[in-house]
Amino acid sequence: MPTTLSEVYEDHPIHLQHIVPIDFSSAQTLPDSHAWSQSDGFSSGSSSVFPDTPADDRLFSIPLIDLMNPNASDLICQACESWGAFQLIGHGIPSKLIEEVDSESRRLFALPSEQKLKTLRSPGGAAGYGIARISPFFPKYMWHEGFTILGSSKDHAKELWPHDYERFCETMDEYQKQMKMISHKLIRMMLKHLNISEEEVKWIGSTTESTALQLNSYPACPDPDRAMGLAPHTDTSLMTLVHQSQISGLQIHKEGVGWVRVHPIYGALAINVGDLLHILSNGRFPSAFHRVTVNQTMQRFSVAYFYGPPVDFTVSPLLSKDVSGSGEVEAPLYRSVTVKEYVGMKAKYLEKALSLLKN
Ligand SMILES: O=C(O)CCC(=O)C(=O)O
Ligand SMILES: [Fe+2]
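It should be emphasised that the depicted structure is a prediction, and the values quoted were computed from it without experimental measurement. (Residues numbered from 1 in each chain as written. Chains lettered and ligands numbered in written order. Predicted model: local features only at pLDDT ≥ 70, side-chain atom pairs only at ≥ 80, totals over all residues.)

**Quick look at the nonpolar core**
For step 1, the next point in the chain: Ala85, Phe86 and Ile271 are the most contacted members of the largest nonpolar core, which totals 84 residues.
For step 2, the next point in the chain: With eight residues, helix α6 (residues 166–193) is the largest single contributor of residues to this core.
For step 3, the next point in the chain: Residues contacting phenylalanine 86, with those up to four places away along its chain left out, are Ile62, Pro63, Ile65, Ile76, Ala79 and Ile271. (Core = buried A, V, L, I, M, F, W, Y, C linked by C-beta atoms within 7 Å. Buried ≥ 20, exposed ≤ 12 C-beta atoms within 10 Å, placed from the backbone. Helix = DSSP H or I, 4+ residues; strand = E, 2+ residues; numbered from the N terminus. Contact = placed C-beta atoms within 7 Å.)

And the structure:
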């Protein structure tokens, strides 16, 4: 029985032919394998002729919340209800650490392709260098390369820099520690808002929480209007904390509005609700559907921290306990599912997984 996230992924291997990123540095034109068209469910940049270009930034943007604001908790929960996402500042993470993570990530992706391929994720592996896990569900490849860290990055970092790996490992370890602390703060605020007692989610702060750190690189692209950085998806986790370099690309889909850009703000974290929190909140928090576009001149980097419960935790809608006193009890929208079962469903059905759990 798998007890860790990496063992769960071993049970759901990605098909071998899908797992090697191209050498972006030598691509002068967009290969057909990476050229998306409208029939692939795609539209990207501002010059796109397709109807779903991003909404006017002056009218719509995801909430920006300062964690030092005394009303932060209410604002965060409102944002989760209306957007499934928000940007967070005042979180206390030293900007030096954020800069170091950014610079170590750049150092990694700047390595020659054959060096990065030494840490290529195996088909059943979850950690290492590779393409997006969602790739097999789409007809075209994405203009993206990633590096996934589960816990320690030491083994892979030693392959990349045999004599100079410590700096990378220490930076990623410290960053994961900080991300976990913020995740705890946020999840506690959210559970309180949802009237869920900590008794029901005893794993918070335990060593068995499932977390992953994903470094993303989106190289400059010769034909950005026909390329896709990351295809539209929701994250499986409870929530994701993304730090993006100062180049836009991330967009979130809002019901009734369409795609909305998440503007990079220096030091801010873009936080989005994942599927498991959507289930836990009985649908009150939408799981943010998001995508990443690319541009012609600048490579974009982001670091995503996925935070979730232990893999054998059973997630079920934790319903408000008759707060109004009216005797009416909310009906659960989803059936219960263990984290590992859901990771497996997502690996098999992607976005359809959530609807398969509907009561
Ligand atoms: O690059 C980004 O801004 C978002 C990355 C993302 O959505 C992911 O890694 O799941
Ligand atoms: Fe994502």
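**Quick look at the sheet that holds strand β5 (residues 210–218)**
Each strand in a sheet pairs with another by means of backbone hydrogen bonds, the pair being arranged parallel or else antiparallel.
For step 1, the next point in the chain: Taken in spatial order, the eight strands of this open sheet run β1-β2-β10-β7-β12-β5-β4-β3, and their pairing is mixed. Only two strands of the sheet have a single partner each, and these edge strands are β1 (64–66) and β3 (128–130). Between one strand and the next, the sheet's axes are offset by a mean angle of 25°, whatever the strand orientation.
For step 2, the next point in the chain: As paired elements, β5 and strand β12 (residues 300–308) share nine bridges and run antiparallel to each other. Counted as the bridge partner of alanine 212 is phenylalanine 306 from β12. (Pairing = 2+ DSSP bridges. Axes fitted to C-alpha atoms, helices over the stretch in contact; angles between N-to-C directions.)

**Considering the sheet that holds strand β11 (residues 289–292)**
For step 1, the next point in the chain: With antiparallel pairing, the four strands of this open sheet are ordered in space as β6-β11-β8-β9. The strands lining the two open edges of the sheet, one partner per strand, are β6 (230–233) and β9 (258–261). Pairwise comparison of adjacent strand axes, ignoring direction, gives a mean angle of 25° for this sheet.
For step 2, the next point in the chain: Across four bridges, strand β8 (residues 250–254) lies against β9 in antiparallel orientation. Looking at β9, one finds that histidine 253 is bridged to tryptophan 259.

**A closer look at the site of ligand 1**
For step 1, the next point in the chain: Around ligand 1, a shell composed of Gln214, Asn216, Leu230, Asp235, Val242, Gln244, Leu250, His290, Val292, Ser302 and Ala304 is seen.
For step 2, the next point in the chain: Elements with a minimum of two residues in the shell around ligand 1: β5, β7 (239–244), β11 and β12.
For step 3, the next point in the chain: Looking at the shell around ligand 1 residue by residue, the class counts come to five nonpolar, five polar and one charged. (Near = placed C-beta within 6 Å. Nonpolar A, V, L, I, M, F, W, Y, C, P; charged D, E, K, R; others polar.)

**So, the packing of helix α3 (residues 95–109) against α6**
In a pair of packed helices, the angle between the axes and the distance between the axes together describe the arrangement.
For step 1, the next point in the chain: Axis separation between α3 and α6 bottoms out at 10 Å; the angle between their running directions is 130°. Put simply, α3 runs oblique to α6. Of the two possible hands of crossing, α3 and α6 adopt the one that is left-handed. Where α3 approaches α6, its residues Leu97, Glu100, Val101 and Glu104 are matched on the opposing element by Arg167, Phe168, Thr171, Glu174, Tyr175 and Gln178.
For step 2, the next point in the chain: Across the contact of α3 with α6, the residue classes break down as four nonpolar, two polar and four charged. (Parallel < 35°, antiparallel > 145°, perpendicular 65-115°, else oblique. Left-handed = near helix turned anticlockwise from the far one by under 90°.)

**Let's talk about the packing of helix α2 (residues 72–82) against α6**
For step 1, the next point in the chain: Packing of α2 against α6 brings their axes to within 10 Å, and their N-to-C directions diverge by 75°. It follows from the interaxial angle that α2 and α6 lie roughly perpendicular. Contact residues: α2 offers Ser73, Ile76, Cys77 and Cys80, while α6 offers Leu186, Met189, Met190 and His193.
For step 2, the next point in the chain: Among the residues forming the contact of α2 with α6, the class breakdown is six nonpolar, two polar and no charged.

**As for the UniProt feature "domain: Fe2OG dioxygenase" (unreviewed entry) in the protein**
For step 1, the next point in the chain: Within this structure's numbering, the places UniProt gives as "domain: Fe2OG dioxygenase" (unreviewed entry) are residues 209–309.
For step 2, the next point in the chain: Annotation note: span residues 209–309, helix share 6%, strand share 46%, distance between end C-alpha atoms 5 Å. (UniProt positions renumbered as here; feature names shortened; annotations may be inferred.)

**Quick look at α6**
For step 1, the next point in the chain: The end-to-end C-alpha distance of α6 is 41 Å, a good match for the 40 Å that 28 residues give at a rise of 1.5 Å each.
For step 2, the next point in the chain: Buried within α6 are the following residues: Phe168, Met172, Tyr175, Gln176, Met179, Ile182, Ser183, Leu186, Ile187 and Met190.
For step 3, the next point in the chain: Within two residues after α6, asparagine 195 carries a phi angle of roughly 60°, on the positive side. (Expected span 1.5 Å × (residues − 1).)

**Things to note about the environment of serine 237**
For step 1, the next point in the chain: Position of serine 237 among the secondary structure elements: in the loop between β6 and β7.
For step 2, the next point in the chain: Given 27 C-beta atoms within a 10 Å radius, serine 237 is considered buried.
For step 3, the next point in the chain: Sequence separation between serine 237 and proline 309 is 72 residues; the distance between their C-alpha atoms is 8.2 Å.
For step 4, the next point in the chain: Residues contacting serine 237, with those up to four places away along its chain left out, are Gly274, Leu276, Phe306, Tyr307 and Gly308.

**A word on α2**
For step 1, the next point in the chain: Burial in α2 covers these residues: Ile76, Cys77, Ala79 and Cys80. Projection of α2 onto a plane perpendicular to its axis shows the buried side chains occupying an angular sector of 160°, all on one side.
For step 2, the next point in the chain: One or two residues past the end of α2 sits glycine 84, with phi positive at roughly 70°. (Arc of directions from axis to C-beta.)

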